[in-house]
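Architecture at a glance
These are the residues of each chain, in order.
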Amino acid sequence: MLEGLVMNDYPLTIQHILDRMRRQSGDAQVISLRPDGTKTRARYRDCAERIDRLCGGLAALGVKEGDRVGTFAWNSQEHLETYFAVPCMGAVLHTINLRLFPEQIAYIINHAADRVIFVDDSLVPALEAVVEDLTTVEHFVLIGDGSAGTLPNVVRYEDLLTGNEPFVYPAIDERQAAGLCYTSGTTGNPKGVLYSHRSNVLHSLAECLHDSLDIRAGDRVLPVVPMFHANAWGLPYACGLVGASLVMPGRFLQPEPIARLIEEERVTIAGAVPTIWMDLLAYADEHKPDFSSLRVVPCGGAAVPLTLMQGFEERHGVTMVQCWGMTEMSPLGSCAREPAGVVGPERWDYRATAGKLAPLVDARIIDDSGAELPWDGVSPGELQVRGPWVASRYYESPSEDHLDGSWLRTGDVAAITADGYVKITDRAKDVIKSGGEWISSVDLENEIMAHPDVLEAAVICMPDDRWTERPLACVVRRPGTNTTPADLREHLLPRVAKFWVPESFAFIDGVPKTSVGKFDKKALRARLDDGTLTVSVAGPATT
Ligand code: ADP
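Structure report, in brief.

With that settled, consider helix H16 (residues 521–529). All of the buried residues in H16 are Lys521, Leu524 and Leu528. One face of H16 carries all of its buried residues, which in axial projection span an arc of 55 degrees. In this fold, the buried residues of H16 make contact with helix H14 (441–449), strand S24 (454–464) and strand S25 (468–477). The N-capping residue of H16, defined by a side-chain oxygen 3.3 Å from the backbone nitrogen of Lys522, is Asp520. Phi for Gly531, located one or two positions after H16, is positive at around 80 degrees.

It is worth spelling out the pattern of salt bridges at this point. Counted under the stated rule, the structure contains 35 salt bridges. For Arg50, the salt bridge goes to Glu81, with nearest N and O atoms at 2.8 Å. Within this pair, whereas Arg50 is found in helix H2 (residues 44–60), its partner Glu81 is found in helix H3 (residues 77–88), the two being separated by 31 residues in sequence. Each of the two residues, Arg50 as well as Glu81, counts as buried. For Arg295, the salt bridge identified is with Asp219, shortest N-O distance 2.5 Å. With Arg295 in the loop between helix H11 (274–287) and strand S13 (297–300) and Asp219 in the loop between helix H7 (197–208) and strand S10 (220–223), the pair connects residues that are 76 residues apart, well separated along the chain. The partly exposed category is assigned to Arg295, whose relative accessible area is 27%. Residue classification places Asp219 among the buried residues on the basis of a relative accessible area of 5%. Among the ionic contacts, a cluster of salt bridges with common partners joins Lys39, Arg41, Arg220, Glu264 and Glu265.

What follows concerns the sheet that holds S10. Strand pairing in a sheet relies on backbone hydrogen bonds, with the paired strands running either antiparallel or parallel. Strand order across the open sheet formed by five strands is S2-S1-S11-S10-S12, with mixed pairing between neighbours. Both outer strands of the open sheet, strand S2 (39–43) and strand S12 (269–271), are each paired with one neighbouring strand and no more. Between one strand and the next, the sheet's axes are offset by a mean angle of 15 degrees, whatever the strand orientation. In the sheet, strand S1 (residues 29–33) pairs with S2 via five bridges, with the strands oriented antiparallel. Bridging from a neighbouring strand, Ser32 pairs with Thr40 of S2.

Turning next to the site of the ligand. The local shell around the ligand holds 16 residues, among which Ser184, Thr327, Asp412, Arg427 and Lys518 are the closest. At a separation of 3.0 Å, an oxygen atom of the ligand approaches a polar side-chain atom of His229. Here a nitrogen atom of the ligand and a side-chain polar atom of Gln322 are 2.9 Å apart. Look at the ligand: alone it shows 570 Å² of surface, and the protein chains cover 93% of it. Residue assignment for the shell around the ligand shows that the elements contributing at least two residues are strand S14 (320–325) and strand S21 (421–427). The class makeup of the residues in the shell around the ligand is six nonpolar, seven polar and three charged.

This part takes up the environment of Glu400. Structurally, Glu400 can be placed in the loop between strand S18 (381–386) and strand S19 (403–404). Residue Glu400 is classed as partly exposed on the basis of its relative accessible area of 44%. Among the polar contacts made by the side chain of Glu400, one reaches the side chain of Arg393 at a distance of 2.2 Å.

Pairing analysis gives two bridges linking S10 to strand S11 (residues 245–248), with the strands arranged parallel. By the bridge assignment, Val221 is partnered in S11 with Leu246. Bridging between S10 and S12 involves three bridges; their strand directions are parallel. Residue pairing in the sheet places Pro223 in a bridge with Gly271 of S12.

The mixed open sheet is built from seven strands, whose spatial order is S7-S6-S5-S3-S4-S8-S9. Unpaired on one side and paired on the other, strand S7 (154–156) and strand S9 (192–196) mark the two borders of the sheet. Within the sheet, the average angular offset between the axes of one strand and its neighbour, ignoring direction, is 25 degrees. Across the sheet, helix H4 (residues 102–112) lies against strand S3 (68–72), strand S4 (92–95), strand S5 (114–120) and strand S8 (177–182), angled at about 155 degrees from S8, the strand it touches most.

You can see Gln322 is positioned in strand S14. On the basis of relative accessible area, Gln322 is assigned to the buried category, the value being 6%. A polar contact of 3.2 Å, which involves the side chain of Gln322, links it to the backbone oxygen of Ala352. Residues within four places of Gln322 in sequence aside, it is in contact with Cys299, Ala302, Ala303, Val304, Met309, Ser334, Cys335, Ala336, Arg351, Ala352, Thr353 and Ala354.

Using the criterion set out here, one finds eight aromatic pairs in the structure. Aromatic rings pair up to connect Tyr83, Phe84 and Tyr237 into one cluster. Over the face of the ring belonging to Tyr394 we find Lys191, whose NZ or CZ atom lies 5.3 Å from the ring centre. The ring of Phe507 carries the charged tip of Arg477 above its face, separated from the ring centre by 3.7 Å.

Taking 1.5 Å per residue as the helical rise, H2 with its 17 residues ought to reach 24 Å, and the 24 Å between its terminal C-alpha atoms agrees with that figure. Taken together, the buried positions of H2 are occupied by Tyr44, Cys47, Ala48, Arg50, Ile51, Asp52, Leu54, Cys55, Gly56, Gly57 and Leu58. In the segment just after H2, Gly62 is the residue with positive phi, at about 100 degrees.

Here we take up the nonpolar core. Within soluble globular proteins, side chains that are nonpolar generally end up buried alongside one another. By size, the foremost hydrophobic cluster in this structure holds 89 residues, and its most contacted members are Leu127, Trp277 and Ile448. Broken down by element, this core gets its largest block of residues, seven residues, from S24. Setting aside residues no more than four positions away along its own chain, Trp277 makes contact with Ala270, Gly271, Ala272, Val297, Pro298, Cys299, Leu308, Phe312 and Met320. In this structure, Cys47, Ala48, Leu408 and Ile424 belong to the second largest nonpolar core, which totals 82 residues.

On the surface, a cluster of nonpolar side chains totalling about 460 Å² of accessible area is made up of Met1, Leu2 and Leu5. By the element assignment, Met1 lies in the segment before helix H1 (14–23). Since its relative accessible area comes to 91%, Met1 is described here as exposed.

The rules we used
- Residues numbered from 1 in each chain as written.
- Predicted model: local features only at pLDDT ≥ 70, side-chain atom pairs only at ≥ 80, totals over all residues.
- Heavy atoms only, no water.
- Buried < 20%, exposed > 50% of the residue type's maximum accessible area, 1.4 Å probe, protein only.
- Helix = DSSP H or I, 4+ residues; strand = E, 2+ residues; numbered from the N terminus.
- Arc of directions from axis to C-beta.
- Contact = heavy atoms within 4.5 Å.
- Polar contact = N/O pair within 3.5 Å; in protein donor to acceptor, adjacent residues only side chain to side chain.
- Salt bridge = Lys/Arg side-chain N within 4 Å of Asp/Glu carboxyl O.
- Pairing = 2+ DSSP bridges.
- Axes fitted to C-alpha atoms, helices over the stretch in contact; angles between N-to-C directions.
- Near = heavy atom within 4 Å.
- Areas by Shrake-Rupley, 256 points an atom, 1.4 Å probe, with all protein chains shown as cover.
- Nonpolar A, V, L, I, M, F, W, Y, C, P; charged D, E, K, R; others polar.
- Phe/Tyr/Trp six-rings, centres within 6.5 Å; stacked < 30°, edge-to-face > 60°.
- Lys NZ or Arg CZ within 6 Å of the ring centre and 35° of its normal.
- Expected span 1.5 Å × (residues − 1).
- Core = buried A, V, L, I, M, F, W, Y, C linked by side-chain atoms within 4.5 Å.
- Patch = residues over 30% accessible without salt bridge, like charges linked within 9 Å, V, L, I, M, F, W, Y side chains within 5 Å.

The structure is reproduced here in C-alpha cells:
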C-alpha cells in the first residue's frame with residue numbers, strides 16, 4: 001500500500017566498500033610481510049586504483065559475471081586486491097584452503113569450476129601436483145617474482161594490471177554471489193558455501209559493532225587467520241568498510257614473527273584460532289614482547305580455553321574475546337563480552353561462553369525429538385541458526401540434511417542461558433554419552449588445561465562395556481613435567497561432576513591439528529582405533 005514511499009532500495013554491495021576505501025579512508029594502509037622478511041606498504045587509495053586495473057585485466061582474460069576465480073595464496077596486499085576486484089567485477093571469489101590434501105584441492109577447484117587461479121609463487125609446487133586433474137582452469141595468475149614451474153597459461157600479477165581498457169564497473173544485484181568458500185571437510189568432501197554481496201556487507205557491519213569485534217577507523221588489524229579460512233573471518237571487508245588498516249602476515253604464522261609484527265606495527269586487533277594463541281602465550285611468557293597496542297584479540301573457530309584468556313589478560317594485559325561461528329555463517333555467530341557492570345572474577349562466567357548472538361542472527365535449541373528447548377542455560381540440544389549471513393544451502397549440492405525448515409543445523413550441541421549467552425558443549429560428532437548422561441568434552445578439556453603442567457588436552461570418546469562410552473583424555477604435558485593420570489584425576493575431582501572424570505589418559509607429543517589449525521579429534525579417534533595411542537588406565541570409574 002505504501003510501498004513506493006519507503007526508503008531507497010539501495011544495493012548492499014562490495015563495490016560500496018571499495019568506494020569507501022578509495023574516498024573515505026584513502027590513507028589507511030595494507031602492510032604485507034614478504035617472504036624475504038621485508039615489509040611493503042600501500043594506501044587504500046592506491047590499492048583501489050590497482051583494483052580498477054585488476055578488474056580490467058580479469059576482463060581481458062575473459063572473466064565474466066558469475067565466473068569463479070580461485071585464490072591459492074597467503075594473506076597479502078595482492079590477495080586483498082583480488083578479494084575486491086573479483087566480486088566488484090561481478091565474478092565470484094573462491095578462496096582455496098591450501099592445506100587441504102591434494103585430492104581435496106583438485107576436488108574443490110573442479111567442483112567450483114574455477115576459470116582462473118591466483119597463486120603465490122611459493123605455493124606453485126602444491127598446484128603443480130594437481131594440475132593434471134584440473135578440468136576447468138584456463139589461466140594461472142602468479143603473485144610474486146618466483147617461478148611458475150610447469151603451470152601452463154601463466155600471467156604475472158603485475159602484468160595483468162597494465163595495458164587494459166579502463167574498467168567500467170557493472171551494476172550489481174546485492175543478492176548476487178560474491179564469494180565461495182569450502183568447509184575444511186572434517187567429514188566427507190568439503191562443501192561449498194556461497195556468500196552474497198548483501199551478506200558480506202551486513203556481516204561487515206556486525207563485526208564492527210562495539211559488542212562484537214569493535215573494529216574502528218584507525219585500527220590496525222592483523223588477520224592471522226588465513227584468507228582461505230572463512231574469508232579471514234570477514235576482516236578484510238569489515239576493515240575496508242570502516243577504514244581500518246590491515247597488517248598481512250603472509251606465511252609467517254609462528255609466534256616470533258607474529259609477536260614482532262604486533263610490536264612493530266602497533267597492531268590493535270589480531271584474530272586467530274586458539275592453537276595459534278596458545279603457542280604465542282608460551283612465547284610471550286618467555287620473551288615478554290610489547291603487546292600494549294592490542295585493544296581486542298578475537299579468538300574462535302574452536303573452544304577457547306579459559307586459562308588462555310586469563311593468561312593473556314593477567315600476564316600481558318591483553319583482552320581476548322571468545323567468538324563462535326562457522327564457515328556457513330560468514331563466520332560470525334556470537335561474541336562473549338561480560339554484561340555492563342559485571343567486574344571481578346564473575347566476568348569469566350560470561351567470557352568463558354561463546355557469548356551473545358550477533359544482531360540479526362537468531363538461534364534455537366532442538367532436542368532429539370525435534371522439540372524446542374527453553375533458554376535455561378542447562379538444557380543442551382542441537383543449535384540451529386538463521387540470519388542474513390547464514391547459508392541456506394551448499395553450492396551444487398542437492399542434500400538438505402543440514403536444514404530444518406529455514407534453520408541451519410550447526411552440528412553443535414549447546415545450551416543458551418536466560419540472558420542469551422550461548423554455551424557450546426560439543427560438536428554433535430564429538431559428544432560422549434556415558435551411562436545415558438552427556439559429558440561435555442569442551443568443558444572437560446578446559447578443566448584439564450587449567451592444570452599447570454598441561455599444554456594441550458583433547459578429549460575423545462572411548463567405547464566402554466559398562467557405560468557404553470567413556471571419555472579418553474589425550475594430554476600434552478609441558479616439557480620437563482611428569483604429571484600422572486592420578487594427579488589429573490585429583491585435579492579434576494573438585495572441578496567437574498564425578499562421572500565426568502576420565503579413568504583413561506593418553507600422553508601424546510602434540511594434539512594433531514586440522515588444515516585450519518584446530519584440534520583434530522578425527523585423527524585421534526583413528527589412532528585409538530588402529531591401536532597407536534598408548535592408553536594408561538588409572539582405575540575403575542567411580543560412578
Ligand atoms: P570446520 O567445520 O571445517 O572446522 P569451521 O571453521 O566452519 O570449519 O568450523 C565451525 C565449527 O567450529 C563450529 O560449528 C564449532 O563446532 C566450532 N567452533 C567455532 N567457534 C567455537 C567456539 N568459540 N567454541 C566452540 N566451538 C567453536
